[in-house]
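# Structural features, examined
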Number of protein chains: 4
Amino acid sequence: MASSWVDGIIAEPMNQRSIIITVIGGSDAAQKDLDAAYQVGLELAKRGAIVLCGGMTGVMEAVCKGAKDAGGTTVGIMPGNNDDDANDYIDIAIPTGLGYARNAIVASAGGAIIAIDGAYGTLSELGYGLGNGIPIVGLNTWQFMIDEKEDTTIERADNPLDAVEKALAHAKARRT
Amino acid sequence: MASSWVDGIIAEPMNQRSIIITVIGGSDAAQKDLDAAYQVGLELAKRGAIVLCGGMTGVMEAVCKGAKDAGGTTVGIMPGNNDDDANDYIDIAIPTGLGYARNAIVASAGGAIIAIDGAYGTLSELGYGLGNGIPIVGLNTWQFMIDEKEDTTIERADNPLDAVEKALAHAKARRT
Amino acid sequence: MASSWVDGIIAEPMNQRSIIITVIGGSDAAQKDLDAAYQVGLELAKRGAIVLCGGMTGVMEAVCKGAKDAGGTTVGIMPGNNDDDANDYIDIAIPTGLGYARNAIVASAGGAIIAIDGAYGTLSELGYGLGNGIPIVGLNTWQFMIDEKEDTTIERADNPLDAVEKALAHAKARRT
Amino acid sequence: MASSWVDGIIAEPMNQRSIIITVIGGSDAAQKDLDAAYQVGLELAKRGAIVLCGGMTGVMEAVCKGAKDAGGTTVGIMPGNNDDDANDYIDIAIPTGLGYARNAIVASAGGAIIAIDGAYGTLSELGYGLGNGIPIVGLNTWQFMIDEKEDTTIERADNPLDAVEKALAHAKARRT
């Protein structure tokens, strides 16, 4: 009987889940960064990737608007308990109630991260992403130095399309 | 120019996000509970609701298989850091790395909760859901007593279809 | 040179850390439960145990006042970001910013748990404690049933002193 | 009756909790950084401050050994579920089970932060501390730049004693 989940024959397990790309950046960003985020969202959605972000304003809202303009799917990992706080372009709002500790989730959830602009929350997410070994592509985001040497682990992109292509290449490579 | 997210005219904000129903239950459940979970997933998806759960085995896997058999969408809030741990019927896996503290997110994220069966993790989720004022519908799940009196806040359902209808009614009522 | 931490010869590693007992219960409890919590704090501190709790009012405040009256040490794992929210009898306030997800930490941190009274937050902590295999002693707290059978894992105590002795016995047994 | 927590007259609420200083840094640091951490712990404890850290090895262990050599108190906010993972110089181990999301707590819990050395986890903690407006004193730790400009919010210290004095001055100023 197809009504038993054990004997069910209708659905096959997915071969492969959709690729999720995490996009991080400030809630109060400059216009050039918002424009870049919009383009990143548009190009990610055109290529079938799900956009995951922190669900709020600024870079997060811009990337989601871009993704929705191309018919994509967006996920917001919210700091608060209320999905009403999500920006208008979030399809699936996950209220966590964790406050900014939710950044740890944002930075772990995607196959790769695109970082745009640089609020302090973005800095915490870069630390997590780097610590977890998640590939990160930077578009006008933080640079770090210690002992007079720059850490060059973050791959720098020239423009939104370049960032999208680099991030997708990393995410696909991690699948195989 | 449509390339500016501010001036963009292609996408309109959604009127309303899809309803998300959280389904909780043990990772190692009895067949009758797995069958109930499968039916719950099937009926939720038929009605257009997104199924959110803890992403693992048992009740979580059964409800997702049901949802996928009806063409629905499933989200898994994972305890670990790796989306490979998600069951085969999860569309969007969110690895949190929080361990079982992720239960706090699972129990906050939906418009209503359907609880099936009763592992201890389910108990923690019921505590969170009740504390957060999220409507909960129970199908053969925990009952609680204190000072010799039963807490009757959880609405009991007679069968999977009844649970789905009660949960959706609650989730819709919270929207208005 | 003692100034190198590697060559330091002043301090020896502790043989054994102090025992921590977690006390959980509602922030708005009845007088009989507050009195019981005060006695639990007093007796724990007399026996050298550190009292850990959620740091807020009600049972949490009462148990801390008891512990301080006997010269003990108290730790509060706070839901918010501000240690000003801690009750007046907390020595070490740990603001987590996690909201009620901090319950997962409260319920994992002690060698044993004493549960008094029964708010919904307490229910989530009982679920975590049971799931993590932490010994729990109950004083007028929640009872749970599923499939018409009561779960009897929580050890019931007759009075505060009994609860303290049972909890310390469990915590010591886990050390050896 | 002193046995009622409400009428109790033995204990007075504390005027003021002990100052907690958070010390962050890598679990696998260079000897010069370990030596600096040891001195920081020693000088903090001499001045009565509680040392809070991530509870593990490297900078965390060195600062705790320093604090214990001066008779201080140390708190470790652990990533795992088991207080056995704490280094030998932790008095109060708080296992969180949150993985590296516990960094959000470490970076919020103290009156000020001293950062030594620079692992990626440290970077996430700096992001949180800066985002939460917690004063941070750096000893050979990360520097950040964006848009070709260095962010100079972190106050740089010349040596361990200087770091301790700067951090305590900040923590005291926040109290008043």
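Since the structure is predicted, the reported quantities are computational estimates derived from the model, not experimental observations.

One pass over the structure, following the stated rule, counts one cavity of 30 Å³ or more. Each pocket or cavity is described by its volume, and for the largest cavity that value is around 80 Å³. Forming the boundary of the largest cavity are Leu98, Gly99, Tyr100 and Ala101 of chain A, Asn81, Thr96 and Gly97 of chain C together with Ala104, Ser108, Tyr128 and Asn132 of chain D.

With 24 residues of chain C at the interface, the matching set in chain B holds 24 residues. When chain C packs against chain B, close to 2,200 Å² is buried across both sides, 62% of that on carbon and sulfur atoms. The three residues of chain C that bury the most area against chain B are Tyr120, Met145 and Ile146 of chain C, which together make up 28% of that side's buried surface. Along the contact surface separating chain C from chain B lie zero salt bridges. Sorting the residues of the side of chain C that touches chain B by element identifies helix H3 (103-109), helix H4 (120-131) and strand S7 (143-146) of chain C as the ones contributing at least two each. It is H4 of chain C that contributes the most residues to the side of chain C that touches chain B, seven residues altogether. Considering only residue class, the side of chain C that touches chain B consists of eleven nonpolar, nine polar and four charged.

Residues and elements named next belong to chain B. The interhelical angle for the contact between helix H1 (residues 31-46) and helix H2 (residues 59-69), taken along N-to-C directions, is 35°, at an axis separation of 6 Å. In terms of crossing hand, the pair formed by H1 and H2 is right-handed. Contact with H1, carried on its side by Leu34, Ala37, Tyr38, Val40, Gly41, Leu42 and Ala45, involves Val59, Ala62, Val63, Lys65, Gly66, Ala67 and Asp69 of H2 and no other residues of that element. A class-by-class count of the residues in the contact of H1 with H2 yields ten nonpolar, two polar and two charged.

Applying the stated criterion to the full structure yields twelve aromatic pairs over all chains. Aromatic side chains phenylalanine 144 of chain B and tryptophan 142 of chain C sit 5.8 Å apart centroid to centroid with 75° between the ring planes, which places their arrangement in the edge-to-face category. Taken together, the positions of phenylalanine 144 of chain B in strand S7 (residues 143-146) and tryptophan 142 of chain C in the loop between strand S6 (136-139) and S7 put the pair across two chains. Each ring, one from tyrosine 120 of chain D and one from tryptophan 142 of chain D, has its centre 6.2 Å from the other, and the planes form 15°; the classification is stacked. With tyrosine 120 of chain D in helix H4 (residues 120-131) and tryptophan 142 of chain D in the loop between strand S6 (136-139) and strand S7 (143-146), the pair connects residues that are 22 residues apart, well separated along the chain.

Quick notes on the rules
- Residues numbered from 1 in each chain as written.
- Chains lettered and ligands numbered in written order.
- Predicted model: local features only at pLDDT ≥ 70, side-chain atom pairs only at ≥ 80, totals over all residues.
- Heavy atoms only, no water.
- 1 Å grid on protein atoms, 1.4 Å probe; cavity = no way out; pocket = protein on both sides within 12 Å on 5 of 7 lines; lining within 4 Å.
- Points joined across faces, edges and corners; volume = space filled by probe spheres on them.
- Contact = heavy atoms within 4.5 Å.
- Buried area = accessible area lost by both parts, 1.4 Å probe.
- Salt bridge = Lys/Arg side-chain N within 4 Å of Asp/Glu carboxyl O.
- Helix = DSSP H or I, 4+ residues; strand = E, 2+ residues; numbered from the N terminus.
- Nonpolar A, V, L, I, M, F, W, Y, C, P; charged D, E, K, R; others polar.
- Axes fitted to C-alpha atoms, helices over the stretch in contact; angles between N-to-C directions.
- Left-handed = near helix turned anticlockwise from the far one by under 90°.
- Phe/Tyr/Trp six-rings, centres within 6.5 Å; stacked < 30°, edge-to-face > 60°.

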